[in-house]
Amino acid sequence: MSEESHIVKKDGEIATGQVETTLNRLSDDQKEDILSNFESFKSYLGKRIQLGESIGLGEEKLAKIAQKVADYLATHEEPRNREEKLLYELWKVGDEDQRHKLAHLLVRMVQADK
């Protein structure tokens, strides 16, 4: 797989435009496994955040990626549980700055679960 298809480049730069492409590569079964319950979602997000941290990404870069993922989910996926529904509703009413802060909170939430 070429570097163009990755969200994080070797030099640490983020290709946020690749988020949708990357998420579209997940099968419907994979998406269902991740999104079927909130603990599965948190676990999946936590593993991705740990990976980002291991290659030196700070909280701001992680939040930018989390924000792109949340934008994708709000546009392409239906909430499957109460927690996802709450996040969806907060995302929908928030402005750009509020959404970015919520992305930071999501990152911190899964970091606290380690």
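Everything here concerns the structure above.
Throughout, residues of each chain are indexed from 1 in the direction in which the sequence is written. Reporting of local features is limited, given that this is a predicted model, to residues whose pLDDT is at least 70; pairs of side-chain atoms are given and counted only at 80 or more, and all residues count toward the totals for whole chains, interfaces and linings. To obtain the side-chain values, all non-hydrogen atoms of the structure were included, while hydrogens and water were left out.

Attention shifts here to helix 6 (residues 96–112). Secondary structure elements are taken from DSSP: a helix is a run of H or I of four residues or more, a strand is a run of E of two residues or more, and numbering for both begins at the N terminus. A helix's residues, less one, multiplied by 1.5 Å, set its expected span. Taking 1.5 Å of rise per residue, the 17 residues of helix 6 would be expected to cover 24 Å, and the 24 Å separating its terminal C-alpha atoms lies within 8% of that figure. Relative accessibility under 20% of the residue-type maximum defines a buried residue, over 50% an exposed one, and the middle range a partly exposed one, all with a 1.4 Å probe and only protein chains included. For helix 6, every residue scored as buried is listed here: His-100, Leu-102, Ala-103, His-104, Leu-106, Val-107 and Val-110. Nitrogen and oxygen atoms within 3.5 Å of one another constitute a polar contact, given that in protein one can donate a hydrogen and the other can accept it, and given that sequence-neighbouring residues count only through two side-chain atoms. The backbone nitrogen of Asp-97 lies 3.1 Å from a side-chain oxygen of the residue at the head of helix 6, namely Asp-95.

Time to look at the nonpolar core. Counting 19 residues, the largest nonpolar core has Phe-41, Leu-45, Ile-49, Leu-62, Leu-87 and Val-107 as its most contacted members. Among the secondary structure elements, those contributing two or more residues to this core are helix 2 (28–35), helix 3 (38–54), helix 4 (59–76), helix 5 (82–93) and helix 6. Contacts between residues were defined by any pair of non-hydrogen atoms, one from each residue, lying within 4.5 Å. Setting aside chain neighbours within four positions, we find Leu-87 in contact with Phe-38, Leu-102 and Leu-106. Residues enter a nonpolar core if they are buried and are Ala, Val, Leu, Ile, Met, Phe, Trp, Tyr or Cys, with the set joined through side-chain atoms within 4.5 Å.

By the element assignment, Glu-84 lies in helix 5. Despite its burial, Glu-84 pairs with no opposite charge, the nearest such side chain being Arg-80 at 5.0 Å. Only four residue types enter the tally: Lys and Arg on the positive side, Asp and Glu on the negative side, with His and both chain ends excluded. A pair is scored as a salt bridge if a Lys or Arg side-chain nitrogen falls within 4 Å of a carboxyl oxygen belonging to Asp or Glu.

In this approach, a probe sized like a water molecule rolls over the atoms, and the result shows the empty space that is left. Throughout, the protein atoms alone are placed on a 1 Å grid, and a set of points is a cavity if a 1.4 Å probe fits but cannot get out or a pocket if it is open with protein on both sides within 12 Å along at least five of seven lines; lining residues have an atom within 4 Å of a point. Grid points are joined across faces, edges and corners, and a volume is the space filled by probe spheres set on the points. All told, the structure shown has 1 cavity of 30 Å³ or more when counted by the stated rule. Along its surface, the largest cavity is lined by 18 residues, and Phe-41, Ala-70, Leu-73, Glu-84 and Leu-87 are the ones closest to its centre. Top contributing element to the lining of the largest cavity by residue count: helix 4, with 5 residues. Here the lining of the largest cavity is built from residues that sort into 14 nonpolar, no polar and 4 charged. Each residue receives one of three labels: charged for Asp, Glu, Lys and Arg, nonpolar for Ala, Val, Leu, Ile, Met, Phe, Trp, Tyr, Cys and Pro, and polar for the others, Gly being one of them.

On to the pattern of salt bridges, then. With the rule as written, the count across this model stands at 9 salt bridges. As a salt-bridge pair, Glu-39 and Lys-42 come within 3.6 Å of each other at their nearest N and O atoms. Here the residue Glu-39 and the residue Lys-42 both occupy positions in helix 3, the gap between them amounting to 3 residues, near one helical turn. We note a salt bridge from Glu-77 to Arg-80, for which the minimum N-O separation is 3.1 Å. On the basis of relative accessibility, which here comes to 14%, the residue Glu-77 falls in the buried class. Note on Arg-80: relative accessible area 30%, which makes it partly exposed. One network of salt bridges, in which partners are shared, links Lys-31, Glu-32, Glu-77 and Arg-80.

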